[in-house]
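Listed below, chain by chain, are the residues.
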4 protein chains.
Amino acid sequence: MSFNTFGRVFRFTTWGESHGPALGATVDGCPPGIALDEAFIQGFMDRRRPGTSKNTTQRREADAVRILSGVYEGRTTGTPIQLMIENTDQRSKDYSKIADAFRPGHADLTYHLKYGLRDPRGGGRSSARETAARVAAAGVAFAALRDLLPGLRITGYMVQMGAMMLDRARFDRSAIEQNPFFLPDAEAAPQWEEYLTSIRKERDSVGAAIEVLIEGCPPGLGAPIYAKLDTDLAAAMMSINAVKGVEIGEGMAAAALRGTENADEMRAGEGGPEFLSNHAGGILGGISSGQDIVVRMAVKPTSSILTPRRTITRTGEETELITEGRHDPCVGIRAVPAAEAMAACVILDHLLMDRAQTGGERGRIG
Amino acid sequence: MSFNTFGRVFRFTTWGESHGPALGATVDGCPPGIALDEAFIQGFMDRRRPGTSKNTTQRREADAVRILSGVYEGRTTGTPIQLMIENTDQRSKDYSKIADAFRPGHADLTYHLKYGLRDPRGGGRSSARETAARVAAAGVAFAALRDLLPGLRITGYMVQMGAMMLDRARFDRSAIEQNPFFLPDAEAAPQWEEYLTSIRKERDSVGAAIEVLIEGCPPGLGAPIYAKLDTDLAAAMMSINAVKGVEIGEGMAAAALRGTENADEMRAGEGGPEFLSNHAGGILGGISSGQDIVVRMAVKPTSSILTPRRTITRTGEETELITEGRHDPCVGIRAVPAAEAMAACVILDHLLMDRAQTGGERGRIG
Amino acid sequence: MSFNTFGRVFRFTTWGESHGPALGATVDGCPPGIALDEAFIQGFMDRRRPGTSKNTTQRREADAVRILSGVYEGRTTGTPIQLMIENTDQRSKDYSKIADAFRPGHADLTYHLKYGLRDPRGGGRSSARETAARVAAAGVAFAALRDLLPGLRITGYMVQMGAMMLDRARFDRSAIEQNPFFLPDAEAAPQWEEYLTSIRKERDSVGAAIEVLIEGCPPGLGAPIYAKLDTDLAAAMMSINAVKGVEIGEGMAAAALRGTENADEMRAGEGGPEFLSNHAGGILGGISSGQDIVVRMAVKPTSSILTPRRTITRTGEETELITEGRHDPCVGIRAVPAAEAMAACVILDHLLMDRAQTGGERGRIG
Amino acid sequence: MSFNTFGRVFRFTTWGESHGPALGATVDGCPPGIALDEAFIQGFMDRRRPGTSKNTTQRREADAVRILSGVYEGRTTGTPIQLMIENTDQRSKDYSKIADAFRPGHADLTYHLKYGLRDPRGGGRSSARETAARVAAAGVAFAALRDLLPGLRITGYMVQMGAMMLDRARFDRSAIEQNPFFLPDAEAAPQWEEYLTSIRKERDSVGAAIEVLIEGCPPGLGAPIYAKLDTDLAAAMMSINAVKGVEIGEGMAAAALRGTENADEMRAGEGGPEFLSNHAGGILGGISSGQDIVVRMAVKPTSSILTPRRTITRTGEETELITEGRHDPCVGIRAVPAAEAMAACVILDHLLMDRAQTGGERGRIG
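Every chain is numbered on its own, with residues counted from 1 as its sequence reads. Going through the entries in the order they are written, you letter the chains from A and number the ligands from 1. Where totals are concerned, whole chains, interfaces and linings use all residues; where local detail is concerned, this predicted model gives features only for residues with pLDDT of at least 70, and gives and counts side-chain atom pairs only at 80 or more. The basis for the side-chain values is all heavy atoms of the structure; hydrogens and waters are excluded.

**Student:** Would you take a moment to explain the overall build of chain A for this structure?
**Tutor:** Helix numbering and strand numbering both begin at the N terminus, where a helix is a DSSP run of H or I of at least 4 residues and a strand a DSSP run of E of at least 2. Looking only at helices and strands, chain A has 7 helices and 18 strands in total. For the radius of gyration, the atom set is restricted to C-alpha positions; the globular benchmark scales as 2.2 Å times the number of residues to the power 0.38. The C-alpha atoms of chain A give a radius of gyration of 21 Å, which matches the 21 Å a tight globule of 366 residues would have. Principal axes of the C-alpha set define a box for chain A whose edges measure 70 × 50 × 40 Å. When a residue's accessible area, from a 1.4 Å probe over protein chains only, is under 20% of the maximum for its type it is buried; when over 50% it is exposed; and in between it is partly exposed. A total of 366 residues make up chain A; the buried ones form 70% of that total. In chain A, the share of contacts with a sequence separation of at least 24, taken over all contacts with a separation of at least 6, comes to 71%. Contacts are assigned to residue pairs that have any heavy atoms within 4.5 Å of one another.

The following block contains the structure:
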């Protein structure tokens, strides 16, 4: 069972509530001898941290990660790595009003029904703040991948935000880190900003779609039938707060395609196949093919908005609720680093799992 | 690790190749005392069986399930249930040509690269024939759910096949079993048939989208954060051959929505909330809310087509390949029972997991 | 959860009842490319098969193993290997009398209490016949180890049977396969035979102690803290029917030792340490040290005896019971191949687990 | 895989090194609504804490447990419970000499070989200090068991320390907490003290045997074949530092018994069987019978002694080593609370696992 644990070999268990004293991740199964320090992990934390622009929540968390175990003299020892992030800016009072009413679109109702009680401060365990812990855990994964798969590159970016769509003809990787939307189109960014500002002013929020591109993944990762690489990527992405759909390659559009359009033909390349297209998104039969892996996901709009919504209370009374506080008008933005994080963890886990069974040897062509 | 095993409490391991002597499922963790016999499971097998129309492969398998263990005097004993299906119509010779070339869109290449060797007969382990084993396993799940959740109803149907789309205004549940497409629209079925016939005559195939509706699921199922109900449904569906995308509720369309549109408001109903909409698809924070659960998936078009495709061989030579043999022009059709099967297994597994942790007690409202 | 599944990477799920149509093991996670056929596995089956002497049950099972999946052209493919053994000599009528009464020392009572029903034919799932399935699964492990650890040697033998003790000064490995007791002392074997015959004639049975010696195991296997090699060996041995105690190295005798006696001192050997003793039994901190691994276990006397025992029935009535049928006067004999089997599976599983995390690289000395 | 994780439903992952900033346990799967606070857990910590007598190490750790998550207003919420214990008295300098040499009997060598590097400060991860984390985790288990199994009582005590044996005729439960040996014999305690003092003065250490008695455990716990209750108890106990043997009921002595002596006969009791003996130690076929469960284990003598031992260094040089510092002359003493802790965790885990599969219903007698 893995209530709060991700992974099979490279595993982490996240813990902590939005407004408790701290939250973190217990990382197990990391290869030994990997160079790792807090600064390296902090770089990933800083990308997802709120408070960096008016488009993400104004809550200001230092989100400083401490490594409490598993690293000695700058290298992983192969024992569990405890990563702790103290909550320094909880402002619990913001949330006191909503302890009794169930915020629509949130997990308040379902946690109450399942567990009989819930920590209402900031959504408790169901808060998107949990993604800080997995981004920290993924810092360890990125450190290991840097050693084990130096050619790997994982890049997340927004492809849609409400009515705004990425124009793929204008895709520019270098733009991604230059705007607050992880948008690979520098020119479009101001429009997106204007659009999101108008939504925020309307006391509303908006959904988003994110794509993660995994380049340099070797073939052979994925363990059919029930630990397929795409299965695990789908689960990993769906586990991120607010994600409602996951696609690999053509994704839902595959339903409209014909066989003559869809299957990626091959020609002889150097030391293996050269594919003429990539409808599959880099995975065949649950195993990576060596092509780029393409994962996409949709994130629903923030449910916490300043527009009153109808709901009920714990005692069954009808009420209306405005979710005050500091909330992202588009949680999809902060989901980008979370999605990259999960991609890194899935790839590392499968890399280790594959070498368990096969020793990492690959079948030859030619 | 769970290479070929699904589930946490209700678990099954499928085994067998498309053209080996047999295939099956080893089911573990089933509650004891459940009425079960081969005829009950066979009913589910017959729905997915090929050879029932010209729109599914003409390969004729009796697909007769034998229960080899775990059932005594018509009741499950709580010990592993072995379900075996003998392969009676393998015709291995159909596949002899393709032992050397990698069929585009298939797992031939990736199995070769990962394992260094592969069973080429009918795709071996990567064949959609594996879904027979999981449908059998799900027969056990359905038997247990009949006892434990008598109000549960799981209904799969096609919502798209290539250019054909279900007109949801004409949704008619009673039509689903009356046409070869699991289409909930009796009038449209002849058109779909005509369409698929034309595709087959063009030596082509086509993708599909399937929806599974889970009614009567109690609230409280799902174990956040890494065993969320939607996470597990996404993984389960993505593990089915040829599935490229999975959606819960609004799915990918959530990216275009606003917060005021998306969050499902509540009014006081009898003994709990009454929702005014179901954009969430019945799951909030990874836990079922008591609303209908709505899962959708896209299935890519059959890669085995009679139109020549360019590919390479094991020795790295370029070649063209026509995949002869008996293939479904739309594998999405047979994916409907497989998707229902996975839904049943996920719900049962989570029901048992929930009673492990909470004893099945629910928080009260009012 | 792993009700009926052993292992983490190299995994098998056993299934089947003593008197059902068949029993077997579903083996998953085996490395690909391993030479394997039914004859190789059969060799291990034949060692544990009853009916080879009057000291083991006279039930005659061919115990012929069939490989139903996962092997193609004599090599493992990396997919699940289904091993099936048909039950050909069930004689259910022998057991009809005991369906209502709970045999003392057996699992009849506890299965009834836990599951509410039980398959009484030959003890159903709780019969020692289950060990046939794990010996078959271990045949796969032995095949993989032959390739991956060619220097490994696993040898089980009896060290005690009731009042008879192995004289370790007379230990002779070559004798083990030459007598029906797996006794490494050819001269003592006739005495043991006489002793066991007298016990059988007294309508009684007797316990035994078994030792398994694992030579050639590389250092570094074992994953502290909760997947230590000794932890997993202890669990594996305790899972064998009738085992009541497990020891590593000094075992229970360690309680009487002093620190100056117990810790194994080291001198410089070729390329590593040379130990001056082996009280630890080859495992330090849960990790193999490269020394011989020594595991010992006690097997209780067969509970099925021809002497009447007092018990109760399902309706709570008091009764006396003689367990007729064909039973081993010392089940410990047949536990020897089962213990070797479990040792092989643990070592292979840990070998694969270790290469998952560390890549199989070892720290250097010197 | 579960490198550092115990359990299936009630799970905990321990983390931390002997001389790092902190250590702890991440507890998952705890039922919600359980009353829990730091003081309750602290009670268990205090029992195992070193520094309470001259017979345990003079290192003085406050061992104050902090609950960082998973508890809200004094009740568990069903989410992960992070328990952290700061290391306040590390004195790393004590250990600086031994960074290069491998202490005989310790895990220094095997950690070095497996991981290529190790944290030498106080044994790092392999230190018995890890048991503090599991005792903390077990505090949560005890809190849950207090609610779920109010009649359960788990009692650990020493039965042997080197040459000193408990006289079972003098067993007095009330004495256990009244002496520093957890010895159920008040009169013998001074003798044990004298004996241990003499051993310490001889710069030596001594082994011990511990028994854990589990009273009030309901029948039906344990999931054959590979999650038997005795299997899991054996693994749990063997995972404790320095344990070399585990016994259930008669344990190793079963090898000497006859069937007429061993199987526990039954008479009709109130609402079930009344057993006439308890050779089985409360477990039949891997399932609890309702009788007292009896587990015993041997703990080897402390390897850290003030007598010089021969060993080698990382560079392969021969050397002699005295392990200075503050060490228990008998680690078995502190293993008593650790053994009780593991027993509690196993029972709770199996209780939850059982209700997952069976709903907790029991078969009836009469």
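Next comes the rest of the description.
**Student:** Please explain the state of the cysteines as it appears in this structure.
**Tutor:** Linking two cysteines covalently through their sulfur atoms gives a disulfide. Whenever a pair of cysteine sulfur atoms sits within 2.5 Å, that pair is classed as a disulfide. Applying the stated criterion to the full structure yields 0 disulfides over all chains. We note that C:Cys217 lacks a disulfide partner, and the nearest cysteine sulfur, in C:Cys345, lies 14 Å from it. Classification of C:Cys217 by relative accessible area gives buried; the value is 3%. In this model D:Cys30 remains outside any disulfide bridge; the closest cysteine sulfur is found in D:Cys345, 10 Å from its own. Given a relative accessible area of 2%, D:Cys30 falls into the buried group.

**Student:** Quick question: what am I supposed to make of unusual backbone geometry here?
**Tutor:** What you tend to see is this: most non-glycine residues have negative phi, and most peptide bonds are trans. With an omega of 5°, the peptide bond between A:Pro224 and A:Ile225 qualifies as cis. With respect to the element layout, A:Ile225 can be found in the loop between β10 (208–215) and α5 (229–238). Residue B:Glu73 is not a glycine yet carries a positive backbone phi of 50°. By secondary structure assignment, the location of B:Glu73 is in the loop between β5 (71–72) and β6 (75–76). For C:Arg203, which is not glycine, the phi torsion reads 55° and is therefore positive. Within the secondary structure layout, C:Arg203 lies in the loop between α4 (189–201) and β10 (208–215).

**Student:** How should the pattern of salt bridges be read in this particular structure?
**Tutor:** Criterion for a salt bridge: a side-chain nitrogen of Lys or Arg within 4 Å of a carboxyl oxygen of Asp or Glu. Applying the stated criterion across every chain, the model contains 96 salt bridges over all chains. Note that D:Arg362 and D:Asp354 form a salt bridge whose closest N and O atoms lie 2.9 Å from each other. Here D:Asp354 falls in the buried class, since its relative accessible area comes to 3%. Connected via shared salt-bridge partners are A:Arg168, A:Glu211, A:Glu247 and A:Arg296.

**Student:** I would appreciate a short explanation of the interface of chain B and chain A in the present structure.
**Tutor:** Each partner contributes to the interface: chain B provides 121 residues, whereas chain A provides 121 residues. Looking only at chain B, the three residues that lose the most surface to chain A are B:Lys114, B:Tyr226 and B:Lys244, adding up to 10% of its buried area. Along the contact surface separating chain B from chain A lie 12 salt bridges. The partner of B:Asp354 in a salt bridge is A:Lys114, with the nearest N and O atoms 2.7 Å apart. We call two N or O atoms a polar contact when they sit within 3.5 Å, provided that within protein one can donate a hydrogen and the other can accept it, with sequence-adjacent residues counted only if both atoms are side-chain atoms. Viewed at the interface, chain A and chain B are joined by 66 residue pairs in polar contact (both at pLDDT 80 or more). With 7 residues, the single largest contributor to the side of chain B that touches chain A is helix α2 (residues 108–115) of chain B. Any two strands with at least two DSSP bridges between them are considered paired. Examined bridge by bridge, strand β11 (residues 243–248) of chain A and strand β11 (residues 243–248) of chain B share 3 bridges and lie antiparallel to one another. Within β11(B), the residue paired with A:Val246 across the bridge is B:Val246. For any pair of parts, buried area is found by adding up, for both, the accessible area (1.4 Å probe) each one loses once the two are put together.

**Student:** I tried to follow helix α3 (residues 130–148) of chain B on my own but got confused; where do I start?
**Tutor:** For an α-helix, the turn length of 3.6 residues means that residues three or four places apart are oriented alike. Between its terminal C-alpha atoms α3(B) stretches 27 Å, which fits the 27 Å expected from 19 residues at 1.5 Å a residue. Counting buried positions over the 19 residues of α3(B) gives 16, a clear majority of the element. How far a helix is expected to stretch is found by multiplying one less than its residue total by 1.5 Å.

**Student:** Before we go on, may I ask you to explain the confidence of the model for chain A in this structure?
**Tutor:** Any region with low pLDDT has predicted coordinates that should not be read closely. Confidence of the prediction at every residue is given by pLDDT, a number between 0 and 100. Considering every residue of chain A, the mean pLDDT works out to 93; 93% of them sit at 70 or more. Two numbers describe this predicted complex: its pTM, 0.97, and its ipTM, 0.96.

**Student:** When you look at the pairing of strand β8 (residues 153–161) of chain A in this model, what are you seeing that I'm missing?
**Tutor:** The side chains of a regular strand alternate between both faces of the sheet. Residues and elements named next belong to chain A. A large share of β8 lies buried, amounting to 8 of its 9 residues. For β8 and β10, the ladder comprises 8 bridges, and the chain directions are antiparallel. When the sheet's bridge partners are listed, Arg153 is paired in β10 with Glu215. Bridge count for β8 against strand β9 (residues 164–165) is 2 bridges, and the pairing is antiparallel. Along β9, the bridge assignment pairs Gln160 with Met165. Here β8 folds back onto β9 in antiparallel fashion, the turn holding 2 residues, of which Gly162 has a positive phi close to 60°.

**Student:** Teacher, can you tell me more about the sheet that holds strand β9 (residues 164–165) of chain B here?
**Tutor:** The strands making up a sheet associate through backbone hydrogen bonding, with each pair oriented either parallel or antiparallel. Taking strand neighbours across the sheet as the criterion, the 10 strands line up as β9(A)-β8(A)-β10(A)-β16(A)-β11(A)-β11(B)-β16(B)-β10(B)-β8(B)-β9(B) in an open arrangement whose pairing is antiparallel. Looking along the sheet, the strands with just one partner apiece sit at the ends: β9 of chain A together with β9 of chain B. Helix axes use the C-alpha atoms of the stretch in contact, all axes being lines fitted to C-alpha atoms, and the angles between their N-to-C directions lie in the range 0 to 180 degrees. Running at roughly 155° to β11(B), helix α5 (residues 229–238) of chain B makes contact with β11 of chain A together with β10 (208–215), β11 and β16 (293–299) of chain B of the sheet.

**Student:** Is there a simple way to explain the relation of the copies chain C and chain D in this structure?
**Tutor:** In summary, the two copies of the chain are related to each other by a rotation about an axis coupled with a shift along it. Superposing chain C onto chain D requires a rotation of 180° together with a translation of 0.0 Å along the rotation axis, leaving an RMSD of 0.0 Å. Overall, the copies show the geometry of a two-fold rotation axis. Taken together, the interface assignments show that 100% of the residues at the interface of chain C recur at the interface of chain D, consistent with an identical surface on both copies. In this comparison the copies share one frame, found by least squares on the C-alpha atoms of residues holding pLDDT of at least 70 in both.

**Student:** Would you mind showing me how to read the relation of the copies chain B and chain A here?
**Tutor:** Placing chain B over chain A gives an RMSD of 0.0 Å and needs a rotation angle of 180°, together with 0.0 Å of translation along the axis. When the interface residues of chain B are mapped onto chain A, 100% of them again lie at the interface, so the same face is used by both copies.

**Student:** Could you clarify how one ought to interpret the interface of chain C and chain D in this entry?
**Tutor:** Accessible area lost upon the coming together of the parts is a frequently used measure of interface size. In this complex, chain C contributes 121 residues to the contact, which on the side of chain D involves 121 residues. With both sides pooled, the region where chain C packs onto chain D buries about 9,600 Å², and carbon together with sulfur makes up 59% of that total. Together, C:Lys114, C:Tyr226 and C:Lys244 form the three largest contributors to the area buried by chain C at its contact with chain D, with a combined 9%. At the boundary of chain C and chain D, one finds 12 salt bridges. Run the count over chain C and chain D and you get 67 residue pairs in polar contact (both at pLDDT 80 or more). Per-element accounting of the side of chain C that touches chain D gives the leading share, 7 residues, to helix α2 (residues 108–115) of chain C.

**Student:** Explain the environment of A:Leu166 here, please?
**Tutor:** Residue and element names in this part refer to chain A. Structurally, Leu166 can be placed in the loop between β9 and α4 (189–201). For Leu166 and Ala209, which are 43 residues apart along the polypeptide, the C-alpha to C-alpha distance reads 9.8 Å. Non-local contacts of Leu166, meaning those with residues more than four positions away in its chain, are made with Met158, Val159, Phe171, Leu183, Pro184, Asp185 and Trp192.

**Student:** Is there a simple way to think about the sheet that holds strand β3 (residues 22–28) of chain B in this case?
**Tutor:** Residue and element names in this part refer to chain B. Strands sit in the order β1-β2-β3-β7-β4 across an open sheet of 5 strands; the sheet is antiparallel. In this open sheet, the two strands that pair with only one neighbour each are β1 (5–6) and β4 (65–67). Bridge count between β4 and strand β7 (residues 81–86): 3 bridges; the pairing is antiparallel. Each residue of the ladder has a partner; that of Val65, found in β7, is Ile85. Sheet strands in contact with helix α1 (residues 38–48) are β4 and β7, and its direction is about 150° off that of β4. Against the sheet, α3 engages β2 (11–16), β3, β4 and β7, with an angle of about 140° to β7.

**Student:** I'm lost on the environment of C:Gln357 in this one. Help?
**Tutor:** Within the secondary structure layout, C:Gln357 lies in helix α7 (residues 332–358). As a C-alpha pair, C:Gln357 and C:His327 span 30 residues in sequence and 45 Å in three-dimensional space. Discounting chain neighbours no more than four positions away, the residues touching C:Gln357 are A:Gly29, A:Cys30, A:Pro31, A:Pro32, A:Gly78, A:Arg355, D:Phe3, D:Lys114 and D:Tyr115. For C:Gln357, the side chain forms a polar contact with the main-chain oxygen of A:Cys30, separated by 2.8 Å.

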